[in-house]
Amino acid sequence: MGDQSLWDESTVACFHAHVGTSCPFPRLCFHFQSILPPPSRETISTATSELQALPQSCSPIPRTWLGRMRPLGALFLAALLTGAAAPWPDEPSRTCFFQMLSGGDSFFCRGDLEVIYPELGDVGCSYIPKCHQYRERISREWGSPRVRYPQADKNKKYVLMLVDPDVPSRANPRSRFWRHWLVTNIPGANLRTGDVKGHVLTDYVRPTPPPRSGYHRYQLLLHEQPEHEAITLSPEERISLGSWAMESFVKQFRLGSPVASTQFLTKYHQD
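Residues numbered from 1 in each chain as written. Predicted model: local features only at pLDDT ≥ 70, side-chain atom pairs only at ≥ 80, totals over all residues. Heavy atoms only, no water.

Caption draft 1: How the structure looks around the state of the cysteines. Across all of its chains, the model carries one disulfide by this definition. Paired through a disulfide, Cys-96 and Cys-131 show a sulfur-sulfur distance of 1.8 Å. Of this pair, Cys-96 sits in strand β4 (residues 94-97) while Cys-131 sits in the loop between β7 (126-127) and α4 (134-140); the two residues are 35 residues apart in sequence, bridging distant segments of the chain. Cys-96 gets classed as buried once you look at its relative accessible area, which sits at 0%. Overall, the relative accessible area of 23% leaves Cys-131 in the partly exposed class. (Disulfide = S-S within 2.5 Å. Helix = DSSP H or I, 4+ residues; strand = E, 2+ residues; numbered from the N terminus. Buried < 20%, exposed > 50% of the residue type's maximum accessible area, 1.4 Å probe, protein only.)

What follows is the structure, given as structure tokens:
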């Protein structure tokens, strides 16, 4: 996310908001026009007692920026949170709220597996917001995400799966699992940096939930790959992505339980 071109349209800074019990949103993502340089992760948390910076895995905030603008960035954030007038009335602010998963959906997320898309950062255990065409862009524009697992063993290899269990809908998943990505022989050292390089059995297919089918879960599962195990898809599996017998595949190649898993939810971008 260090590419300066990503900041030409908007500047992104994600923060936990702690404004007593009156703030219902655990994570806020503020998109500024180019009047502000990207905010400092460590400075804004000290500039106002009402903000606390998120950990690095949560948000795509670049590491470089103009220190002299830090107090202005903090002032603008505080104004948004407290309802005060923005310091630049002629420049409309753009605020994007990220909602984290809760209940049973959040239990799927374990092991600190990160799935990182452009501009959004780590979307694990969250809903993809509709603002800024993010749902459309994840379905039509962005390629495969970076997937990072900091605890990966450098001496082991891993298998990564991305599936949709809600096809055609969560209420009627008669075609589960839909296979969106399957990569084997991923070195642990690569996973530590988010570089998914291995033997691709299924090329990445963007999340494309059908219209009026509600939210779909896009689940990433990471397994340790047994040594000397040649993992393949059958001819029948290669023909179709849908109705994949994932559990049988896991059992056949002795993959066991995933060492880490996460998911994000999104729906058709015009719904």
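Caption draft 2: Layout of the environment of Ser-243. Tracing the chain through its elements places Ser-243 in the loop between α6 (235-239) and α7 (246-252). Ser-243 gets classed as partly exposed once you look at its relative accessible area, which sits at 46%. Between the alpha carbons of Ser-243 and Ser-175 there is a distance of 4.4 Å; along the sequence they are 68 residues apart. Those residues in contact with Ser-243, other than ones at most four positions away along the chain, are Arg-174, Ser-175, Arg-176 and Phe-177. (Contact = heavy atoms within 4.5 Å.)

Caption draft 3: Molecular detail of the side chain of His-223. Along the chain, His-223 turns up in strand β12 (residues 216-224). At 3.1 Å, the side chain of His-223 forms a polar contact with the backbone oxygen of Gly-256. Each residue touching His-223, except ones within four places of it in the same chain, is listed here: Lys-157, Tyr-158, Val-159, Met-161, Val-250, Leu-255, Gly-256, Ser-257, Pro-258 and Val-259. (Polar contact = N/O pair within 3.5 Å; in protein donor to acceptor, adjacent residues only side chain to side chain.)

Caption draft 4: Highlighting unusual backbone geometry. Here Val-167 and Pro-168 are connected by a cis peptide whose omega angle stands at 0°. Secondary-structure assignment places Pro-168 in the loop between β9 (157-164) and β10 (178-187). Cis geometry is found at the peptide bond from Arg-176 to Phe-177, where omega equals -10°. Along the polypeptide, Phe-177 turns up in the loop between β9 and β10. Phi angles above zero are rare outside glycine, and Asp-112 is one such case at about 60°. Relative to the elements of secondary structure, Asp-112 occurs in the loop between α3 (103-107) and β5 (114-117). Positive phi outside glycine occurs at His-228, with the angle close to 60°. Residue placement: His-228 occurs in the loop between β12 and α6.

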